[in-house]
Amino acid sequence: MQLTRYTDYGLRVLMYVGIHTERMVTIAEIASVFDMSHNHLMKVVQELSAKGYVKSTRGKHGGIELGRPPEEINIGEVVRHMESNFHVVECLDPGRSLCRIIPGCTLKKVLQEAVSAFQEVLNRYTLADLLKNRAVLNRLLTERRVVSRA
């Protein structure tokens with residue numbers, strides 16, 4: 001199972017904002033730190049804001065901040081809101097599956113169980129759990145590193 005870039009960005013935004021609770025952060029700042037597309041990030045933040053995970057304020061002194069305490073932001077819930085579907089294979093999507101062996105195939109059940117297990121693990125964690133090493137994360141995010149994209 002692979003999460004979309006959209007969800008990945010959403011989780012990174014929450015972590016970054018959660019590290020910087022003493023101030024509002026900007027989309028431009030997050031885009032720069034993570035080397036992300038500003039436009040794509042704006043869509044991600046709009047979604048996070050619509051779901052109440054962050055609050056955004058426009059204007060000169062605006063930015064984004066957490067919409068609720070990190071202990072109340074469940075990672076499984078965030079992933080379910082950000083992902084469009086969990087159809088890891090065609091047969092899990094009833095509207096799209098054309099597979100001939102569905103009536104006798106046990107793979108579908110196995111994959112459904114795997115997706116459920118994945119979601120159950122995510123449900124056990126909150127944003128607060130992801131921020132337990134806040135000082136280390138903050139140091140890593142403020143260091144300027146040259147990354148080779150070979």
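As a reminder, the structure under discussion sits directly above these lines.
These numbers come from a predicted model, not from an experiment.

Asker: Please clarify how the overall build of the chain should be interpreted in this entry.
Answerer: When helices and strands are counted, the chain shows 7 helices and 2 strands. Across the chain, helices and strands are ordered from the amino to the carboxyl terminus as α-α-α-β-β-α-α-α-α. A principal-axis box enclosing the C-alpha atoms of the chain has dimensions of 60 × 40 × 30 Å. Restricting the contact set of the chain to residue pairs at least 6 apart, pairs at least 24 apart contribute 63%.

Asker: I would appreciate a short explanation of the nonpolar core in the present structure.
Answerer: In this structure, Val13, Leu14, Ile30, Leu41 and Leu48 are the most contacted members of the largest nonpolar core, which totals 32 residues. At the level of secondary structure, the elements contributing two or more residues to this core comprise α1 (5-19), α2 (27-34), α3 (38-50), β2 (63-66), α4 (75-82), α5 (107-123) and α7 (134-142). Broken down by element, this core gets its largest block of residues, 7 residues, from α1. Non-local contacts of leucine 48, meaning those with residues more than four positions away in its chain, are made with Gly10, Val13, Leu14, Tyr53, Val54 and Met82.

Asker: Mind showing me how you'd approach the packing of aromatic side chains here?
Answerer: Working definition: an aromatic ring pair is given by the centre-to-centre distance plus the angle between the planes. On inspection of all chains with the given rule, the structure shows 1 aromatic pair. Considering the side-chain rings of tyrosine 16 and phenylalanine 34, the 6.2 Å spacing of their centres and the 75 degrees angle between planes classify their relative orientation as edge-to-face. Note that tyrosine 16 is positioned in helix α1 and phenylalanine 34 in helix α2, a separation of 18 residues in sequence. Relative accessible area serves as the criterion here: at 4%, tyrosine 16 is assigned to the buried category.

Asker: Before we go on, may I ask you to explain the pattern of salt bridges in this structure?
Answerer: Pairs can form between side chains of opposite charge once their charged atoms are near each other. Taken as a whole, this structure holds 5 salt bridges when the rule is applied. Where salt bridges share partners, they join Glu22, Arg23 and Glu29 into one cluster.

Asker: Just checking my understanding: could you explain α5 for this structure?
Answerer: Along an α-helix, residues three or four positions apart point the same way, because every turn accommodates 3.6 residues. Between its first and last C-alpha, α5 extends 24 Å over 17 residues, near the 24 Å set by a 1.5 Å rise per residue. By the burial criterion, the buried members of α5 are Leu111, Val115, Gln119 and Leu122. End-on view of α5: buried residues confined to an arc of 75 degrees, all on one side of the axis. Away from its buried face, by an angle of more than 90 degrees, α5 presents the exposed residues Lys109 and Glu113.

Asker: For this particular structure, what's the right way to read the pairing of β2?
Answerer: In the case of a regular strand, side chains alternate between the two sheet surfaces. Across 4 bridges, strand β1 (residues 54-57) lies against β2 in antiparallel orientation. Each bridged residue has a counterpart across the sheet, and for serine 56 the counterpart in β2 is isoleucine 64. Hairpin connection between β1 and β2: a loop of 5 residues separates the two successive antiparallel strands, and glycine 59 in this loop has a positive phi of roughly 110 degrees.

Asker: How should the packing of α1 against α2 be read in this particular structure?
Answerer: To describe two helices that pack against each other, one gives the angle between their axes and the distance between the axes. Between α1 and α2, whose axes approach to 11 Å, the crossing angle comes to 110 degrees. Judged by the angle between their axes, α1 and α2 are roughly perpendicular. Crossing handedness for the pair α1 and α2: right-handed. Contact residues: α1 offers Arg12, Val13, Tyr16 and Val17, while α2 offers Glu29, Ile30, Val33 and Phe34. A class-by-class count of the residues in the contact of α1 with α2 yields 6 nonpolar, no polar and 2 charged.

About the cut-offs
- Here the residue numbering is sequential within each chain, running from 1 through the sequence in written order.
- Under the rules for a predicted model, residues below a pLDDT of 70 receive no local features and side-chain atom pairs below 80 are neither given nor counted, while totals for whole chains, interfaces and linings still include all residues.
- With hydrogens and water stripped out, all remaining heavy atoms of the structure feed into the side-chain values.
- In this text, helices come from DSSP runs of H or I with a minimum length of four residues, and strands from runs of E with a minimum of two, each type numbered from the N-terminal end.
- Here, two residues are considered to be in contact whenever any of their heavy atoms come within 4.5 Å of each other.
- In plain words, nonpolar cores are sets of buried Ala, Val, Leu, Ile, Met, Phe, Trp, Tyr and Cys residues tied together by side-chain atoms within 4.5 Å.
- Three exposure classes are used, based on accessible area relative to the maximum for each residue type with a 1.4 Å probe and protein chains only: buried under 20%, partly exposed in between, and exposed over 50%.
- Each Phe, Tyr or Trp ring (for Trp, its six-membered ring) is paired with any other whose centre lies within 6.5 Å, and the angle between the two planes then decides the class: stacked below 30 degrees, edge-to-face above 60, tilted in between.
- Any carboxyl oxygen of Asp or Glu within 4 Å of a side-chain nitrogen of Lys or Arg constitutes a salt bridge here.
- Here a helix's expected span is defined as the number of its residues, less one, multiplied by 1.5 Å.
- By definition, the arc is the one covered by directions from the helix axis to the C-beta atoms.
- Two strands are said to pair when DSSP picks up at least two bridges between them.
- Orientation is described by axes fitted as lines to C-alpha atoms, over the contacting stretch for helices, and by angles from 0 to 180 degrees between their N-to-C directions.
- Any angle between 65 and 115 degrees counts as roughly perpendicular, while under 35 counts as roughly parallel, over 145 as roughly antiparallel, and the rest as oblique.
- Left-handed is the label given to a crossing in which the near helix is rotated counterclockwise from the far helix by less than a right angle, and right-handed is the label when the rotation is clockwise.
- Residue polarity follows a fixed list, in which Ala, Val, Leu, Ile, Met, Phe, Trp, Tyr, Cys and Pro are nonpolar, Asp, Glu, Lys and Arg are charged, and the others, Gly among them, are polar.

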